[in-house]
Amino acid sequence: MQSGIQNIIQFIIIMANVIKLSKGLDIHLQGKAEEKVIQLKSNGKYALQPDDFEGVTPKVVVKEGDKVKAGDALFVNKQYPEVKFASPVSGTVTAVTRGERRKVLSVQVAADDKQEYVDFGRREVGSLTGEQVVEVLLEAGIFGYINQLPYAVSTNPSVMPKAIFVSALRDKPLAGSFDFEAKGQEQDFVTGIQALSKIAKTYVGLGIQPDFQTEIRRLGIDNFAELTIFDGKCPAGNVGVQVNHLDPVNKGEVVWTIGDPTVVLFIGRLMNTGKVDLRRRVALCGSEVKAPAYVDMLVGEELSTLLSNSYDASHHVRIINGNVLTGRPTTKEGYLGAHTSEITVIPEGDDADELLGWILPRFSQFSVNRSYFSWLQNPWFCSKKKEYVADARIKGGERHMIMSGEYDRVLPMDIYGEYLIKAIIAGDIDRQEALGIYEVAPEDFALAEFVDSSKLELQRIVREGLNILRKENA
């Protein structure tokens, strides 16, 4: 009887912490990864790329030929030298690759056959203060994986946040399942949240994830964080959207954000083992992949092993380091990004030869505004949605901005998206501040960019606006 009452009370608590979002858009694509793990042997090539950490100006602290252990720093943030970035493996530094104006593109490491780790010591999180947690993360080279709002950049360790937000919901097209990745690692997740809660009040955003929720609640996560379920379409999983609904950022305030929940596992493993373990479960997905599945990889691992024989090499494809909305184009010789949870392979589309072009009814292509007849195959009462094959074509050129309310339909935030974009383009900083630029990150406009009739690069525009604002306020 008592157990039944406790279950009812827990259900009421859970339902009280549900935020339903009406705006957004789910894009159903072919090639979602099956929940099974394939085993691949690494070729031993790794690289840490500073571009994976927005706002970081790298200063390399190793040179070619140096021996490093997993956890040793490869580079630091020049602006905040105490923020180190750890090597994912032990081995020999083989190259420091630079681009234009000697910009550091990557620090490459050839892994040893037998891995060695820097021992940072196991920590009893309950006895640590917030300052001690920050020191541990800085020492181990993991702190830089945490971002902040405003500006959506890697965190400044000298400014403490008013709150920390973690999103454990991945809902972008073909996104890897965090439930599947975290299975068996729930204790590491809870430990990571406990560590973060020592720094500031911590919010964790979840989707409808009954098994994962049940387990982390059993392990006592409610003692360390406020859990909120976000029930809605993409981009409900964006940490910026969750901040906007829970505790918006005003001018002069700072919050820390973790939109990649695997980072919490990194923190939890460090506390529980004393070692830097940058292993993550990555979804190999997309319509061009022969057998979409998951594979366990380390941050910075070369993709050639993963992509060998995984798709038809005779097809012209786009390989994306990340998802189709926010990922970056890469090649087989590229490296797994620091925050990448999926490698997506889709058709490039530049060899498509369509008779009559746009005038065709198009039953097999996705359209958000019902321009194609394909919407007839997705009635509202159908539980299983049709999955589409999307290619990388933009299907149109950049043109004058149309104030049509398109952004508002897919942007579940209390901001005027179109007016904010116009203010950024115009360079009107006062207007940007009034319209809520401190609350947004480029990824929040990824869906708006997808539906935009004007074909504007909204994520690039927002990033440039944030960078200018950051420089002005420095």
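See the structure shown above.
Let us look at the structure shown here.

Thresholds, definitions, all that
- Residues numbered from 1 in each chain as written.
- Predicted model: local features only at pLDDT ≥ 70, side-chain atom pairs only at ≥ 80, totals over all residues.
- Heavy atoms only, no water.
- Helix = DSSP H or I, 4+ residues; strand = E, 2+ residues; numbered from the N terminus.
- Buried < 20%, exposed > 50% of the residue type's maximum accessible area, 1.4 Å probe, protein only.
- Polar contact = N/O pair within 3.5 Å; in protein donor to acceptor, adjacent residues only side chain to side chain.
- Expected span 1.5 Å × (residues − 1).
- Contact = heavy atoms within 4.5 Å.
- 1 Å grid on protein atoms, 1.4 Å probe; cavity = no way out; pocket = protein on both sides within 12 Å on 5 of 7 lines; lining within 4 Å.
- Points joined across faces, edges and corners; volume = space filled by probe spheres on them.
- Nonpolar A, V, L, I, M, F, W, Y, C, P; charged D, E, K, R; others polar.
- Core = buried A, V, L, I, M, F, W, Y, C linked by side-chain atoms within 4.5 Å.

Some thoughts on the side chain of Asn-323
Piece 1. Tracing the chain through its elements places Asn-323 in the loop between β17 (317-321) and β18 (328-330).
Piece 2. Judged by relative accessible area, Asn-323 falls into the buried class, the value being 7%.
Piece 3. Within the structure, the side chain of Asn-323 is placed 2.9 Å from the backbone nitrogen of Thr-326, a separation counted as a polar contact.

As for helix α7 (residues 262-273)
Piece 1. Taking 1.5 Å per residue, twelve residues should reach 16 Å; α7 reaches 16 Å between its end C-alpha atoms and fits that length.
Piece 2. Counting buried positions along α7 yields ten of twelve residues, so the element is predominantly enclosed.
Piece 3. Buried within α7 we find Thr-262, Val-263, Val-264, Leu-265, Phe-266, Ile-267, Gly-268, Arg-269, Leu-270 and Met-271.
Piece 4. In the core, the buried residues of α7 are packed alongside α2 (130-140), β11 (163-167), α3 (178-182), α4 (186-197), β14 (255-258) and β15 (279-285).
Piece 5. Immediately downstream of α7, the backbone of Gly-274 shows phi near 80°, a positive value.

Here's the deal with the layout of surface pockets
Any space left empty among the atoms is revealed by the rolling of a water-sized probe across them.
Piece 1. The computed volume of the second largest pocket comes to approximately 750 Å³.
Piece 2. For the lining of the second largest pocket, the secondary structure elements donating two or more residues are α3, α5 (210-218) and β13 (226-231).
Piece 3. Taken together, the residues of the lining of the second largest pocket sort by class into 13 nonpolar, six polar and 13 charged.

Remarks on the nonpolar core
It is characteristic of soluble globular proteins that their nonpolar side chains tend to be buried jointly.
Piece 1. Tyr-145, Phe-189, Ile-193 and Leu-196 are the most contacted members of the largest nonpolar core, which totals 66 residues.
Piece 2. Once residues lying within four places of it in the same chain are set aside, the contact partners of Ile-193 are Val-166, Thr-202, Val-204, Ile-221, Phe-224, Ala-225 and Val-264.
Piece 3. Formed by 49 residues, the second largest nonpolar core is a distinct cluster that contains Leu-21, Tyr-203, Ala-441 and Ile-461.

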